[in-house]
Amino acid sequence: MLNSNQTLARPSSFNSVVLGMKHSSTSLPSPKPSRKSSKRPSEASDMMEPLREVRDGYLISLNFGTPPQAIQAYMDTGSDLTWVPCGNLSFDCIGCDEYRNNKLTAANAFSPSSSSSSGRDLCGSSFCIDIHSSENSFDTCTMAGCSLATLLKTTCSRPCPSFAYTYGAGGVVTGALTRDTLTVHGNSPGVTREIPKFCFGCVGSTYKEPIGIAGFGKGGLSLPSQLGFLQKGFSHCFLAFKFANNPNISSPLVIGDVAISSKDYLQFTPMLKSPMYPNFYYIGLEEISVGNASAIKVPQNLREIDWKSNGGMLIDSGTTYSHLPEPLYSQLLSVLQSEISYPRATEMEMRTGFDLCYKVPCTNNNFMDDLLPSITFHFLNNVSLVLPRGNHFYAMGAPSNSTVVKCLLIQSMNDGDYGPAGVFGSFQQQNVEVVYDLEKGRVGFQPRDCALAAADQGLHKI
């Protein structure tokens, strides 16, 4: 989920955080809240967080305030701001009827008045300046109505003016920057730590944004930046969609030293640098191969970013499906059609908007994934990622008459000439360990059974 606000990093004092994420889709109910751990501040500084799920992605549970209030938010590597709905009765989501019909709006909202440590961010803070930097050239304290005397002395204590934050897909949120305690959990049972004066958006109204977002970009407002991990990194291992109904399993998200240490078994591709959008995570795509067919060469703008900051492939957990530019996308469809002999499910294509659906044989409820060709993404530095089964074609419903309809869940990129040329979405990252090594400026990939990884982190009982 793209946003162009740019900010600077701030340091902190601990080494790593482990969080659990649960996956959801549009047809799934929300899980019950995770059990909280007790504080043990004298323990080691490694940290863990129990989390929950919501729609079309992977969500974490943020515990703000004194006492802590658990609020759900999307984990989004394509933006910086962390925000949560504020006011159970007053929070308003415009254009969210679809979400309400599927019971996917925020289950609860943060109440600043119920927290003894909550307070508005001030107009002179770096966070306030950052969030208003794209709006106009006015000083934020001037916007807040500070007197000339306090402006000259930089002593104005007025709160930061309300903000509007826009996402690339058209969503908008409006609210006020708030400071409060964020409680996170270590990677040992029962260990928690409090992060005082964490800055986040207290949002009262949105357009098509029904649930909060935890920004994991590289800007100063992002969660990794405020926790002091911008020079370290984080990793995740997204669960497969089949676990979406299981309330007993979470997906491991690790932040800090543990996330990037002892990762020699991964393949690493360099992060590309964007002069205009330095807070995003870009990688370069060289080829795509389908089964045993010849590799499809990709356009140059997917391999590099030009001086106007156009090009590259954005890796974005806030975008569900990967997007490829034309004519590459059509070439991929053509190769797949030449490799697959099953009948097309044109009715499903018309109903869902996906461009390639097939009626695949299904015996004894076995979806027989091996009957469909593999898809491999070849990134810079000779990194080849074979998409795990179920990450390209996905069953759109239950089997019927010994067949199941599967659709390709990769889509065409709109406006590929401006901004990123492509997007590597969360659906294609299922059952893949993904490491954002910010210290060395690289992203690592390794196919992995993320349910077993969850068990290793104590996030799943198998």
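It should be emphasised that the depicted structure is a prediction, and the values quoted were computed from it without experimental measurement. (Residues numbered from 1 in each chain as written. Predicted model: local features only at pLDDT ≥ 70, side-chain atom pairs only at ≥ 80, totals over all residues. Heavy atoms only, no water.)

K.L.:
Could you clarify how one ought to interpret the packing of aromatic side chains in this entry?
P.N.:
Two aromatic rings, taken as a pair, are described by how far apart their centres are and by the angle between their planes. Applying the stated criterion across every chain, the model contains 21 aromatic pairs. With centroids separated by 5.6 Å and ring planes inclined at 80°, the aromatic side chains of Phe 110 and Phe 200 adopt a geometry described as edge-to-face. A residue pair is termed long-range when its members are at least 10 positions apart, and Phe 110 in the loop between helix H1 (97-101) and strand S7 (119-120) and Phe 200 in strand S10 (residues 192-207) qualify at 90 residues. Using a relative accessible area of 0% as the deciding quantity, one classes Phe 110 as buried. Taken together, a centroid distance of 5.2 Å and an interplanar angle of 15° make the contact between Phe 379 and Phe 445 stacked. Of this pair, Phe 379 sits in strand S21 (residues 375-379) while Phe 445 sits in strand S28 (residues 442-447), placing them 66 residues apart in sequence. Exposure remark for Phe 379: the relative accessible area of 0% places this residue in the buried category. Looking at Phe 445, the relative accessible area reads 1%, which means it is buried. (Phe/Tyr/Trp six-rings, centres within 6.5 Å; stacked < 30°, edge-to-face > 60°. Helix = DSSP H or I, 4+ residues; strand = E, 2+ residues; numbered from the N terminus. Buried < 20%, exposed > 50% of the residue type's maximum accessible area, 1.4 Å probe, protein only.)

K.L.:
What's the story with the confidence of the model for the protein in this structure? I'm lost.
P.N.:
Predicted coordinates in areas of low pLDDT are best not read in detail. Overall, the predicted model of the protein reaches an average pLDDT of 83, with 81% of residues at or above 70. Put simply, strand S1 (residues 16-24) is where the protein has its lowest mean pLDDT, 52, and strand S15 (residues 282-283) is where it has its highest, 98. Low confidence marks residues 4-14, where pLDDT is under 50. Its contacts with residues over four positions away, or in another chain, come to 44 contacts. Contacts for the low-pLDDT stretch residues 23-45, under 50 throughout, to residues beyond four places or in other chains number 59 contacts. (pLDDT = per-residue confidence, 0-100. Contact = heavy atoms within 4.5 Å.)

K.L.:
Can you walk me through unusual backbone geometry in this structure?
P.N.:
As a rule of thumb, non-glycine residues mostly have phi less than zero, and peptide bonds are mostly trans rather than cis. Put simply, Thr 66 and Pro 67 share a cis peptide bond, and its omega is -5°. Position of Pro 67 among the secondary structure elements: in the loop between strand S3 (57-64) and strand S4 (69-76). Here the bond from Glu 326 into Pro 327 is cis, since omega is 5°, no more than 30 degrees from zero. Locating Pro 327 in the fold gives a position in the loop between strand S19 (322-324) and helix H7 (328-339). A positive phi angle is found at Asn 382, which is not glycine, with a value near 60°. The phi torsion at Asn 401 lies on the positive side, around 55°, for a residue other than glycine. Tracing the backbone shows Asn 401 in the loop between strand S23 (393-395) and strand S24 (403-408).

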